[in-house]
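Descriptive analysis of the structure
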Amino acid sequence: MNYNLKKAGSSLLNALSNHSELVMEAYFSGSINEADYTPKVINNLLDLKVIWRPENERQLRLRPALRTLLEESLQDENNRQIDANIGSSLVSIKTQAEHYKEALNAGRFKEAESMLSDVTERVYSLTDMLATNVRLLWSRISNEFGYVATVDAKIRENELAQSQVSELLNQLSMFQFDQLSDISGSHRELRHLLVVTLQSSFAHCTQELSLAQAKLIDLLGRFREFKGRTRLLKGFVLHLEQNPSFAPQNYSTLSNVPALFNVAENTIAAAAIDVNNVEQEQSLLEVMSNIKHVNRQRDTRTNLNNASPLTMQDENAIELQESLLKSEVDAFFCAVIDSGTNQTALDYYKTKNLDFDPEVWLYQVIGGFHGLPEQDKSYFALETRGVPDPVFSGNFVITDIEIGLQ
Amino acid sequence: MISQKGIVLEKLLSGHFICETTDEDSYRFLKTSAGRMEVEAHLAVLNRQLTHAAEEQVFFASYQTIGETERVKLGKQFEDVSNHLLPLIEWLLLVQESLNNDLSLSQGMNLRLNELQTVIEDTPAYAEQLNKISRYALFGSKAAELDAQLKLVFKRLVELGYLIKPNQDKQIYTVTGKIDYLFDVLKFIDETEQLSLAKKAEDAMSQSDLI
């Protein structure tokens, strides 16, 4: 049971010893420079409540409780006694603020700085103390108020609770912000401490106090009672608080283990798949098809899917045609070689009764000729036959091609 | 297809606690003496027997004869249980206070996550308490936000069998019989170690002073 607390306690003390330099620096100078330490260290100490950040933009400071511990243990007379009473706290803060302003005006900067740190410390202790008090009041009302048996006891309790709440309210009302604002004047630091910090702490405290009051009103009329189980729970928590080293003895070592602690472990694991079972084949296939397939390659198949089958056929048809043309052109060239004489493309076209478009045929011949390797090309010569254009001078219309051997 | 008996056996052997909330049919099956006898016959083969807790509200399997191997397993289990006690109890108290109930949680109670979250968010004391609870090793939360911590705590409790989430879409959790089992464990420890916890709580109440 104490395992959790013990672990937390050990880690706290270890952190304190590991980061002792940080702690001492915070103690002497009031705040620490975050840049000097790693975020990990700082977060660790924040979680352990060794240091805290009074407000969002301010620097990290040592927790007041820890500071008090250090003050007492080190018997350091230089450090001030922080007052528990809000009223006197406020008065001393105001006095210190006046000292600070005077020192600043007289040009005694070192003194002024120490005054300022003093004021800072007092202000933050005050806010912490206020918060603690209100929290304490709230938890008492929530957890312990109302559990009385007789009407008289209830009345007494109500009076007590109400008086304590009003006392806290009175203390809070001592915050006269206009006065504080006047005192701080135009000094930025003072203004921040006295006006901004105190005001936000005041706001938080009043909020929580109003929650406490609401709860009090709610419970004024009720007689609360711990039903059996809650008593058990509360008692257990209390017991652990008082005896942190408590642990129940290990009942599993007794010869007669009580039934409550005799809980059998998990024996069953998931069954395996039988791939030889014909009956399950269908369902197994379904399961397999639902398994997500991780496709790591870019899927290019979509492009091909969009192309319709017709296109494929067309390609084939075109290919056929082209290859037919090509083979005919080859045959034409061969014929020229065989015959050894010049031949025009159109003559050959007529003799062979080719069924291509004549113009296409001509272009193919030209293309075929120019496509020949250099060596082969040198064997042939190409001449064009045509007439000048009747309408546009300078244009020569080709009507036929003549291929000959060189 | 598996029969009701089969379902019951499988649950018991998986270490589950059967109560009316987690599985009503299995619970009914075990309430009949015939059902109990059938199940016990099968469990006996595996050196187990049927045990009940919390006035027969929850059933689970336990070892019949305890040998060395069983002792080791039970020892480990016991360690878990005792380490988990404090976080679970603090959580129970927190929920009880937030919902303003004088009654502690018991089987069948419904917890609405958003209702709980609203109350805890509004009250700084509860938020700090939740923060503390979620940092225990049992829950092991690293989050700083309240709703993440709350969700993790509830998720873990469902895993451990203390709560169930009957409807996956709605954030409503039902308390199972395992909580009653937990209370039984507490009572047992109280009596055996003679802590007189109830008396302690009462004394604390009568001595209280607000500030």
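Residues numbered from 1 in each chain as written. Chains lettered and ligands numbered in written order. Predicted model: local features only at pLDDT ≥ 70, side-chain atom pairs only at ≥ 80, totals over all residues. Heavy atoms only, no water.

Here we look at the interface of chain B and chain A
Of the residues lining the interface, 68 residues belong to chain B; the matching set on chain A comes to 58 residues. For the pairing of chain B and chain A, the buried interface totals around 6,200 Å² over both sides, and the portion due to carbon and sulfur atoms is 63%. Summed over the shared surface of chain B and chain A, the number is two salt bridges. Two residues, Glu128 of chain B and Arg135 of chain A, come together in a salt bridge whose shortest N-O distance is 2.8 Å. There are eight residue pairs in polar contact (both at pLDDT 80 or more) connecting chain B and chain A. Counting only elements with at least two residues in the side of chain B that touches chain A, the list comes to helix H1 (4-13), strand S2 (48-53), strand S3 (58-63), helix H4 (68-98), helix H6 (124-134), helix H8 (177-193) and helix H9 (197-206) of chain B. Looking at the side of chain B that touches chain A element by element, the count peaks at 16 residues for H4 of chain B. The residue makeup of the side of chain B that touches chain A, split by class, is 36 nonpolar, 16 polar and 16 charged. (Contact = heavy atoms within 4.5 Å. Buried area = accessible area lost by both parts, 1.4 Å probe. Salt bridge = Lys/Arg side-chain N within 4 Å of Asp/Glu carboxyl O. Polar contact = N/O pair within 3.5 Å; in protein donor to acceptor, adjacent residues only side chain to side chain. Helix = DSSP H or I, 4+ residues; strand = E, 2+ residues; numbered from the N terminus. Nonpolar A, V, L, I, M, F, W, Y, C, P; charged D, E, K, R; others polar.)

Notes on the packing of helix H5 (residues 113-122) of chain B against H6 of chain B
Residues and elements named next belong to chain B. Two elements in contact, H5 and H6, have axes whose closest approach is 5 Å; the angle formed by their N-to-C orientations is 110°. Overall, the two elements H5 and H6 adopt an arrangement that is roughly perpendicular. Contacts from Val119, Ile120 and Asp122 of H5 reach H6 at Pro124, Tyr126, Ala127 and Leu130. When the residues that make up the contact of H5 with H6 are grouped by side-chain class, the tally is six nonpolar, no polar and one charged. (Axes fitted to C-alpha atoms, helices over the stretch in contact; angles between N-to-C directions. Parallel < 35°, antiparallel > 145°, perpendicular 65-115°, else oblique.)

Some details on the nonpolar core
Ranked by size, the top nonpolar core spans 110 residues in total, and within it Phe175, Leu194 and Leu198 of chain A together with Trp91, Phe154 and Tyr181 of chain B carry the most contacts. When residues in this core are grouped by element, the largest group, 13 residues, is from helix H6 (residues 109-144) of chain A. Beyond its immediate sequence surroundings of up to four residues, Phe175 of chain A is in contact with Ile86, Leu90, Leu126, Leu130, Leu198 and Phe202 of chain A. Counting 19 residues, the second largest nonpolar core, distinct from the first, contains Leu325, Val329, Trp361 and Ile401 of chain A. (Core = buried A, V, L, I, M, F, W, Y, C linked by side-chain atoms within 4.5 Å. Buried < 20%, exposed > 50% of the residue type's maximum accessible area, 1.4 Å probe, protein only.)

Quick notes on helix H2 (residues 24-31) of chain B
Residue and element names in this part refer to chain B. Residues of H2 that are buried: Ser26, Tyr27, Phe29 and Leu30. Projected down its long axis, H2 shows its buried positions confined to an angular sector of 160°, all on one face. Packed against the buried residues of H2 are H1, strand S1 (18-19), helix H3 (33-45), S2 and S3. (Arc of directions from axis to C-beta.)

Here we look at the packing of H1 of chain B against H2 of chain B
All names here are of chain B. Where H1 meets H2, the closest approach of the two axes is 10 Å, and the angle between their N-to-C directions is 100°. Relative to H2, the element H1 lies roughly perpendicular. Contact with H1, carried on its side by Gln4, Lys5, Ile7 and Val8, involves Asp25, Ser26, Phe29 and Leu30 of H2 and no other residues of that element. Partitioned by chemical class, the residues of the contact of H1 with H2 number four nonpolar, two polar and two charged.

A closer look at the sheet that holds S1 of chain B
Residue and element names in this part refer to chain B. Pairing is antiparallel in the open sheet, where three strands are placed in the order S1-S3-S2. Because the sheet does not close on itself, it has two edges, and the strands there are S1 and S2. Where S2 lies against S3, six bridges are found, and the strand directions are antiparallel. Its bridge partner being in S3, His52 is matched across the sheet by Phe59. Where H8 meets the sheet, its contacts fall on S1, S2 and S3, and the angle it forms with S3 comes to roughly 60°. (Pairing = 2+ DSSP bridges.)

Considerations on the packing of aromatic side chains
The geometry of an aromatic ring pair comes down to the distance between the two centres and the angle between the two planes. On inspection of all chains with the given rule, the structure shows 16 aromatic pairs over all chains. Measuring from centroid to centroid gives 5.3 Å for Phe261 of chain A and Phe78 of chain B, while their planes differ by 65°, and the two rings are edge-to-face. Of the two residues, Phe261 of chain A sits in the loop between helix H10 (228-242) and helix H11 (281-289) while Phe78 of chain B sits in helix H4, which places them in two different chains. With relative accessibility at 5%, the residue Phe261 of chain A sits in the buried group. Note on Phe154 of chain B and Tyr173 of chain B: the rings are 4.8 Å apart at their centroids and 50° apart in plane angle, and the pair reads as tilted. One end of the pair, Phe154 of chain B, is in helix H7 (residues 146-160); the other, Tyr173 of chain B, is in strand S6 (residues 172-175), and 19 residues separate them in sequence. Given the relative accessible area of 0%, Phe154 of chain B is considered buried. (Phe/Tyr/Trp six-rings, centres within 6.5 Å; stacked < 30°, edge-to-face > 60°.)

Quick word on the confidence of the model for chain B
The predicted model of chain B has a mean per-residue pLDDT of 84, with 96% of residues at 70 or higher. Model confidence for the complex is summarised by a pTM of 0.60, with the ipTM given as 0.80. (pLDDT = per-residue confidence, 0-100.)

Considerations on the sheet that holds strand S1 (residues 31-32) of chain A
Residue and element names in this part refer to chain A. Strand order in the open sheet made by the three strands is S1-S3-S2, with antiparallel pairing throughout. Both outer strands of the open sheet, S1 and strand S2 (51-52), are each paired with one neighbouring strand and no more. Two strands pair when backbone bridges link them, and S2 and strand S3 (residues 60-62) are joined in this way by two bridges, in the antiparallel orientation. Note that in S3 the partner of Trp52 across the bridge is Arg61.

Quick word on a nonpolar patch on the surface
Where nonpolar side chains cluster on the molecular surface, the patch consists of Leu285, Met288 and Ile291 of chain A and spans about 320 Å² of accessible area. Structurally, Leu285 of chain A can be placed in helix H11. (Patch = residues over 30% accessible without salt bridge, like charges linked within 9 Å, V, L, I, M, F, W, Y side chains within 5 Å. Areas by Shrake-Rupley, 256 points an atom, 1.4 Å probe, with all protein chains shown as cover.)

Considering the pattern of salt bridges
Here the structure, examined in full by the defined rule, presents 16 salt bridges over all chains. Ionic contacts of the salt-bridge type, sharing partners, join the residues Arg61, Arg67 and Glu121 of chain A into one network.

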